[in-house]
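# Secondary and tertiary structure notes
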Amino acid sequence: MKQKLKAFIIIFMAALISLIAIYAFRSVSHAIEMVRGPELMWKSCAIWIKCIILTQTVLVIGGLFLFMLRKPKGTK
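Before going into details, it helps to say that this report is about the structure given with it.

### Thoughts on helix H1 (residues 2-34)
With 33 residues, H1 should cover 48 Å at 1.5 Å per step; its first-to-last C-alpha distance of 48 Å lies within 8% of that length. Along H1, the residues that are buried comprise Ile9, Met13, Ile20, Ala24, Ser27, Val28 and Ala31. Tucked into the core, H1 has its buried residues touching helix H2 (38-68).

Printed below as a string of structure tokens:
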């Protein structure tokens, strides 16, 4: 049961990270179409930073769930 739950958590994390990456690329491409000049760089950087923070959040929360499912040392 634990192995299936771990696999589900990992697949869910991968799906969320993929969705965040797609969101980042679509947002930056939309910004490229709408904004010109120096503002484009700042808007793109803000989108990338937001997506990096979201990705790190997914990794930390998923890692905590996986950590809670681990076997304690000394048990077999």
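Picking up after the structure, the text goes on.
### Examining the packing of aromatic side chains
In the structure shown here, the tally under the stated rule is 2 aromatic pairs. Look at Phe8 and Phe12: their rings are 6.1 Å apart centre to centre, the planes differ by 20 degrees, and that puts the pair in the stacked class. Of this pair, Phe8 and Phe12 both sit in helix H1, 4 residues apart, which is roughly one turn of the helix. Where Phe25 meets Trp48, the ring centres are 5.4 Å apart and the plane angle is 85 degrees; that geometry is what we call edge-to-face.

### Things to note about the side chain of Thr55
For Thr55, the position within the fold is in helix H2. With relative accessibility at 19%, the residue Thr55 sits in the buried group. If we ignore the near neighbours within four places in the chain, the residues touching Thr55 are Ile17 and Ile20.

### Focus on the packing of H1 against H2
Packing of H1 against H2 leaves a shortest axis separation of 10 Å and a crossing angle of 175 degrees. It follows that H1 is roughly antiparallel to H2 by the angle criterion. Along the lines of polarity and charge, the residues of the contact of H1 with H2 split into 21 nonpolar, 5 polar and 3 charged.

Cut-off values and rules
- Residues numbered from 1 in each chain as written.
- Predicted model: local features only at pLDDT ≥ 70, side-chain atom pairs only at ≥ 80, totals over all residues.
- Heavy atoms only, no water.
- Helix = DSSP H or I, 4+ residues; strand = E, 2+ residues; numbered from the N terminus.
- Expected span 1.5 Å × (residues − 1).
- Buried < 20%, exposed > 50% of the residue type's maximum accessible area, 1.4 Å probe, protein only.
- Contact = heavy atoms within 4.5 Å.
- Phe/Tyr/Trp six-rings, centres within 6.5 Å; stacked < 30°, edge-to-face > 60°.
- Axes fitted to C-alpha atoms, helices over the stretch in contact; angles between N-to-C directions.
- Parallel < 35°, antiparallel > 145°, perpendicular 65-115°, else oblique.
- Nonpolar A, V, L, I, M, F, W, Y, C, P; charged D, E, K, R; others polar.

In short, shape yes, function no, at least from these values alone.
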